[in-house]
Amino acid sequence: MDENSSTGPILLLTQLARLINRRSTPELLGQTLKELGALSYLRDYDETTQQALVEGLCIDANYCVLLLNDLEDSGLVERRRDPTDRRRHIVSMTEEGSKALERAEAAQQTLEDEMLVALSKEERSSLAHLLRKAIEGQSSVAAPTT
(Lines give C-alpha, C1' and ligand atoms only; values in the text may rest on other atoms or scores of the structure.)
Protein backbone atom coordinates (compact mmCIF):
# COMPACT_ATOMS: atom_id res chain seq x y z
CA MET A 1 0.00 0.00 0.00
CA ASP A 2 1.54 3.30 -1.00
CA GLU A 3 1.24 6.67 0.69
CA ASN A 4 -0.77 8.09 -2.23
CA SER A 5 -3.59 5.61 -1.65
CA SER A 6 -7.03 7.16 -1.29
CA THR A 7 -7.84 4.96 1.70
CA GLY A 8 -8.56 7.30 4.60
CA PRO A 9 -7.24 6.97 8.15
CA ILE A 10 -10.55 5.68 9.57
CA LEU A 11 -10.60 2.76 7.12
CA LEU A 12 -6.95 2.06 7.85
CA LEU A 13 -7.63 2.08 11.60
CA THR A 14 -10.56 -0.27 11.03
CA GLN A 15 -8.35 -2.68 9.07
CA LEU A 16 -5.68 -2.59 11.77
CA ALA A 17 -8.32 -3.07 14.49
CA ARG A 18 -9.66 -6.14 12.68
CA LEU A 19 -6.18 -7.63 12.47
CA ILE A 20 -5.59 -6.95 16.16
CA ASN A 21 -9.00 -8.36 17.13
CA ARG A 22 -8.29 -11.52 15.18
CA ARG A 23 -4.96 -12.05 16.93
CA SER A 24 -5.99 -10.94 20.43
CA THR A 25 -7.41 -14.30 21.41
CA PRO A 26 -8.45 -15.30 24.93
CA GLU A 27 -5.71 -17.95 24.74
CA LEU A 28 -3.10 -15.23 24.19
CA LEU A 29 -4.50 -12.68 26.65
CA GLY A 30 -6.01 -14.98 29.28
CA GLN A 31 -9.25 -13.01 28.75
CA THR A 32 -11.22 -11.45 25.94
CA LEU A 33 -10.21 -8.17 24.40
CA LYS A 34 -13.40 -6.59 25.78
CA GLU A 35 -12.53 -7.81 29.28
CA LEU A 36 -9.06 -6.33 28.83
CA GLY A 37 -10.65 -3.03 27.82
CA ALA A 38 -12.89 -3.03 30.90
CA LEU A 39 -10.04 -3.84 33.28
CA SER A 40 -7.84 -1.21 31.67
CA TYR A 41 -10.61 1.38 32.10
CA LEU A 42 -11.03 0.39 35.74
CA ARG A 43 -7.31 0.79 36.33
CA ASP A 44 -7.40 4.27 34.81
CA TYR A 45 -10.57 5.35 36.63
CA ASP A 46 -10.27 3.27 39.82
CA GLU A 47 -13.74 2.98 41.27
CA THR A 48 -16.34 4.04 38.76
CA THR A 49 -20.03 3.69 38.15
CA GLN A 50 -21.43 1.07 35.86
CA GLN A 51 -22.89 3.88 33.71
CA ALA A 52 -19.47 5.54 33.36
CA LEU A 53 -18.07 2.18 32.22
CA VAL A 54 -20.83 1.93 29.59
CA GLU A 55 -20.00 5.40 28.31
CA GLY A 56 -16.22 5.02 28.58
CA LEU A 57 -16.15 1.72 26.70
CA CYS A 58 -18.88 2.77 24.25
CA ILE A 59 -20.88 -0.38 24.92
CA ASP A 60 -24.53 -1.18 25.45
CA ALA A 61 -25.73 -1.12 29.07
CA ASN A 62 -27.11 -4.67 28.84
CA TYR A 63 -23.82 -5.94 27.41
CA CYS A 64 -21.96 -4.16 30.21
CA VAL A 65 -23.97 -6.11 32.78
CA LEU A 66 -23.07 -9.39 31.06
CA LEU A 67 -19.40 -8.37 30.82
CA LEU A 68 -19.31 -7.41 34.49
CA ASN A 69 -21.07 -10.66 35.45
CA ASP A 70 -18.27 -12.63 33.75
CA LEU A 71 -15.53 -10.48 35.30
CA GLU A 72 -17.14 -10.72 38.72
CA ASP A 73 -17.60 -14.51 38.43
CA SER A 74 -13.87 -14.73 37.61
CA GLY A 75 -13.01 -12.65 40.69
CA LEU A 76 -11.52 -9.82 38.62
CA VAL A 77 -13.98 -7.06 39.58
CA GLU A 78 -16.50 -6.38 42.29
CA ARG A 79 -19.70 -4.36 42.21
CA ARG A 80 -21.44 -2.77 45.13
CA ARG A 81 -24.30 -0.37 45.57
CA ASP A 82 -23.34 3.28 45.75
CA PRO A 83 -24.09 4.29 49.36
CA THR A 84 -25.11 7.79 48.22
CA ASP A 85 -27.44 6.52 45.47
CA ARG A 86 -28.71 2.96 45.86
CA ARG A 87 -29.76 2.85 42.20
CA ARG A 88 -26.13 2.99 41.05
CA HIS A 89 -23.42 0.35 41.18
CA ILE A 90 -19.79 1.16 41.87
CA VAL A 91 -17.36 -1.10 40.02
CA SER A 92 -13.77 -1.70 41.10
CA MET A 93 -11.01 -4.05 40.08
CA THR A 94 -9.80 -6.68 42.54
CA GLU A 95 -6.17 -7.53 43.20
CA GLU A 96 -6.65 -10.65 41.05
CA GLY A 97 -8.03 -8.36 38.33
CA SER A 98 -4.88 -6.23 38.51
CA LYS A 99 -2.70 -9.31 38.08
CA ALA A 100 -4.80 -10.56 35.17
CA LEU A 101 -4.57 -7.12 33.55
CA GLU A 102 -0.77 -7.10 33.87
CA ARG A 103 -0.52 -10.53 32.23
CA ALA A 104 -2.89 -9.54 29.42
CA GLU A 105 -1.11 -6.25 28.77
CA ALA A 106 2.25 -8.04 28.56
CA ALA A 107 0.79 -10.38 25.94
CA GLN A 108 -0.82 -7.44 24.16
CA GLN A 109 2.54 -5.61 24.11
CA THR A 110 4.11 -8.58 22.33
CA LEU A 111 1.30 -8.50 19.80
CA GLU A 112 1.67 -4.74 19.41
CA ASP A 113 5.38 -5.18 18.72
CA GLU A 114 4.54 -7.73 15.99
CA MET A 115 1.75 -5.64 14.46
CA LEU A 116 3.73 -2.38 14.39
CA VAL A 117 7.12 -3.84 13.49
CA ALA A 118 7.33 -1.63 10.36
CA LEU A 119 7.17 1.55 12.47
CA SER A 120 10.15 3.13 14.19
CA LYS A 121 10.00 3.94 17.90
CA GLU A 122 9.35 7.60 17.06
CA GLU A 123 6.58 6.70 14.60
CA ARG A 124 4.90 4.46 17.17
CA SER A 125 5.09 7.25 19.72
CA SER A 126 3.59 9.71 17.22
CA LEU A 127 0.83 7.25 16.32
CA ALA A 128 -0.07 6.73 19.99
CA HIS A 129 -0.04 10.50 20.57
CA LEU A 130 -2.32 11.16 17.58
CA LEU A 131 -4.75 8.40 18.52
CA ARG A 132 -4.96 9.67 22.12
CA LYS A 133 -5.56 13.17 20.81
CA ALA A 134 -8.38 11.95 18.54
CA ILE A 135 -9.97 10.00 21.40
CA GLU A 136 -9.67 12.91 23.83
CA GLY A 137 -11.35 15.11 21.22
CA GLN A 138 -14.31 12.75 21.30
CA SER A 139 -14.24 12.52 25.09
CA SER A 140 -14.83 16.24 25.37
CA VAL A 141 -18.00 15.75 23.33
CA ALA A 142 -19.37 13.04 25.65
CA ALA A 143 -17.20 12.68 28.75
CA PRO A 144 -17.99 9.69 31.02
CA THR A 145 -19.59 10.50 34.34
CA THR A 146 -18.38 8.98 37.58
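Refer to the structure printed above.
Rules used in this analysis
- Residues numbered from 1 in each chain as written.
- Predicted model: local features only at pLDDT ≥ 70, side-chain atom pairs only at ≥ 80, totals over all residues.
- Heavy atoms only, no water.
- Core = buried A, V, L, I, M, F, W, Y, C linked by side-chain atoms within 4.5 Å.
- Buried < 20%, exposed > 50% of the residue type's maximum accessible area, 1.4 Å probe, protein only.
- Helix = DSSP H or I, 4+ residues; strand = E, 2+ residues; numbered from the N terminus.
- Contact = heavy atoms within 4.5 Å.

**Describing the nonpolar core**
What tends to happen in soluble globular proteins is that the nonpolar side chains get buried as a cluster.
Inference 1: Of all hydrophobic cores here, the largest spans 21 residues; its most connected members are L39, L42, L53, L68, L71 and V77.
Inference 2: Within the residue set of this core, elements represented by two or more residues are α3 (33–45), α4 (50–57), α5 (61–73), β3 (85–93) and α6 (95–115).
Inference 3: For this core, the leading source of residues is α3, giving five residues.
Inference 4: With residues near it in sequence (within four places) discarded, V77 still touches L39, L42, L68, L71, E72, V91, S92, M93 and T94.

**Here's the deal with unusual backbone geometry**
Inference 1: Its identity is not glycine, yet D46 carries a phi of approximately 50 degrees, on the positive side.
Inference 2: Counting through the fold element by element, D46 comes out in the loop between α3 and β1 (48–49).
Inference 3: Since its relative accessible area comes to 54%, D46 is described here as exposed.
Inference 4: In this structure, C58 is a non-glycine residue whose phi angle is positive, near 55 degrees.
Inference 5: The residue C58 is located in the loop between α4 and α5 in this model.
Inference 6: On the basis of relative accessibility, which here comes to 70%, the residue C58 falls in the exposed class.

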